[in-house]
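The chain contents come next:
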Amino acid sequence: MNEHPNFNALKHDIIDPLPSNLHPDQIYNLACAASPRRYQADPIHTVRTCVQGVFNLLELASTRNARILQASTSEIYGDPKEHPQHESYHGNVNPVGIRSCYDEGKRCAETLMSDYGRTRGVTAKIARIFNTYGPGMAVDDGRVVSTFIDQALRAKALTVYGDGSQTRSLCYVDDMIKGLILLMNSVDTFRGPVNLGNTQEISVLDIALRISELAPHEPKIVFKPLPADDPTVRCPDIALARRHLDWNPTVQFEEGLRLTYAHFARTANGRQLPESGIGPANSHIEK
Ligand code: UDP
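Because the structure is predicted, anything quoted here is derived from the model rather than measured.

Visitor: Would you mind going over the pattern of salt bridges with me for this structure?
Guide: Once the charged atoms of two side chains with opposite charge are near each other, the side chains can pair. In this structure the tally under the stated criterion is 15 salt bridges. Taking the shortest distance from any N to any O, the salt bridge between Asp-141 and Arg-143 comes out at 2.9 Å. The closest approach of N and O atoms between Arg-191 and Asp-188, which form a salt bridge, is 3.0 Å. When salt bridges that share partners are traced, they join Glu-75, Arg-99, Arg-168, Asp-230 and Arg-234 into one network.

Have a look at this one:
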């Protein structure tokens, strides 16, 4: 990674005081586990990342006169009572549940960003990122797309939580990165919060069926208990991003899924896979 002359990688936990020799122009804060399995593994660390970590980065932005972009989340909206979710919606979040470390942590991060903007003049921009997927996801991080693809490639049953009727809107990673860069470089006065996500809403069961169609065998689908506070719907209203950033996701779910599946089939993050390929399959639902 350090081979590019203009690139320098520094491994550092943002919870800890930052080195004093940093002089950034722009700070993209993407730090924080984003999959429920990962952020719930050490919830206190998750809260500290979102609060102490963001505080440290905002202090850096403030003293260096740098712009900062915070990767916020659709989890701000919790289990939404408004659908689709517009940025003006304040959300429906459980403050004491198993998802709270992430949801409330990210909400507090938005508060810190807003207050540093108001009181310290920091150009602090907030992107509310909806579910994002693509090649490069950790195969074992527990999120729906990577988990189902991994299960399909290993000829395991796809584990649908609940009855699979809950929905998500999945954005391909390339689209998301373009949106983040556009927001960072947009006019100083446009700070969000702004939703970034794909508006193509799909149920979890349909995600499983689409991935089944790519598998060369016939994956079963098994139904497991729905985790607590799992949002029932999620779909972004992206009018604000369209208007201010001229941003629109361009990769349809079918295409993004095909690219992601093909990548996992080729690499599976180094895991040894049985012979596999992409081909049609009849899926088999099992309760
Ligand atoms: N999900 C599932 N099976 C899995 C992993 C996830 O049915 O093996 C469901 C999960 O309950 C949720 C949706 O897929 O309703 C998206 O989960 P993910 O962890 O990807 O992200 P979330 O939006 O919940 O943060």
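Visitor: Please clarify how the sheet that holds strand E1 (residues 26-29) should be interpreted in this entry.
Guide: Sheet strands associate in pairs through backbone hydrogen bonding, adopting either a parallel or an antiparallel arrangement. One open sheet accounts for four strands, arranged E1-E2-E3-E8; its pairing is parallel. Two strands close off the open sheet at either side, each with one partner strand: E1 and strand E8 (194-196). Within this sheet the neighbouring strands show an average axis-to-axis angle of 25°, counted without direction. Relative to strand E3 (residues 124-129), strand E2 (residues 67-73) runs parallel, the two being bridged by six bridges.

Visitor: How do you make sense of the site of the ligand when you look at a structure like this?
Guide: Around the ligand there are 17 residues in total, and Thr-159, Tyr-161, Arg-168, Asp-230 and Arg-234 lie nearest to it. The separation between an oxygen atom of the ligand and a polar side-chain atom of Arg-168 is 2.7 Å. Protein coverage of the free-state accessible area of the ligand, which is 510 Å², stands at 96%. Secondary structure elements with two or more residues in the shell around the ligand: helix H4 (144-153) and strand E5 (158-161). Each residue belonging to the shell around the ligand can be placed in one class, and the counts come to six nonpolar, five polar and six charged.

Visitor: Looking at this structure, how should I read the packing of aromatic side chains?
Guide: Under the definition given, this model contains six aromatic pairs. Look at Phe-55 and Tyr-116: their rings are 6.4 Å apart centre to centre, the planes differ by 75°, and that puts the pair in the edge-to-face class. A residue pair is termed long-range when its members are at least 10 positions apart, and Phe-55 in helix H2 (residues 43-64) and Tyr-116 in helix H3 (residues 100-120) qualify at 61 residues. Judged by relative accessible area, Phe-55 falls into the partly exposed class, the value being 34%.

Visitor: Sorry if this is basic, but what is going on with the environment of Asp-237 here?
Guide: Positionally, Asp-237 belongs in the loop between strand E10 (220-224) and helix H7 (239-245). Look at Asp-237 and you get partly exposed, because its relative accessible area is 22%. With eleven residues separating them along the chain, Asp-237 and Leu-226 place their C-alpha atoms 26 Å apart. Among all residues touching Asp-237, those that are not within four sequence positions of it are Pro-84, Gln-85, His-86, Glu-87 and Asn-195. Among the polar contacts listed, one links the side chain of Asp-237 to the backbone nitrogen of Ala-239, at a separation of 3.0 Å.

What counts, and at which threshold
Residue positions are given per chain, counted from 1 along the sequence in the order it is written. The predicted origin of the model limits local features to residues at a pLDDT of at least 70 and limits the giving and counting of side-chain atom pairs to 80 or more, whereas totals for whole chains, interfaces and linings rest on all residues. Water and hydrogen atoms play no part in the side-chain values, which are based on all heavy atoms of the structure. One speaks of a salt bridge when a side-chain nitrogen belonging to Lys or Arg is within 4 Å of a carboxyl oxygen belonging to Asp or Glu. What makes two strands pair is DSSP finding at least two bridges between them. Runs of H or I in DSSP of at least four residues are treated as helices and runs of E of at least two as strands, each being numbered from the N terminus. A fitted line through C-alpha atoms serves as each axis, taken over the contacting stretch for helices, and the angle formed by two N-to-C directions is quoted from 0 to 180°. Think of it this way: one heavy atom of a residue within 4 Å of a molecule or strand is enough to make that residue near it. N or O atoms closer than or at 3.5 Å make up a polar contact, with two conditions inside protein: a donor-capable atom paired with an acceptor-capable one, and, for residues adjacent in sequence, both atoms drawn from side chains. Per-residue accessibility takes into account occlusion by the displayed protein chains alone, with areas from the Shrake-Rupley method and a 1.4 Å probe. Basically, the charged four are Asp, Glu, Lys and Arg, the nonpolar ten are Ala, Val, Leu, Ile, Met, Phe, Trp, Tyr, Cys and Pro, and anything else, Gly included, counts as polar. Two rings belonging to Phe, Tyr or Trp (six-membered ring only in the last case) form a pair when the distance between their centres is within 6.5 Å. Interplanar angles under 30 degrees mark stacking, angles over 60 mark edge-to-face geometry, and anything in between is tilted. Residue burial is assigned from relative accessible area. The probe radius is 1.4 Å, only protein chains are included, and a residue is buried under 20% of its type maximum, exposed over 50%, and partly exposed in between. Any two residues whose heavy atoms approach within 4.5 Å at even a single point are treated as in contact.

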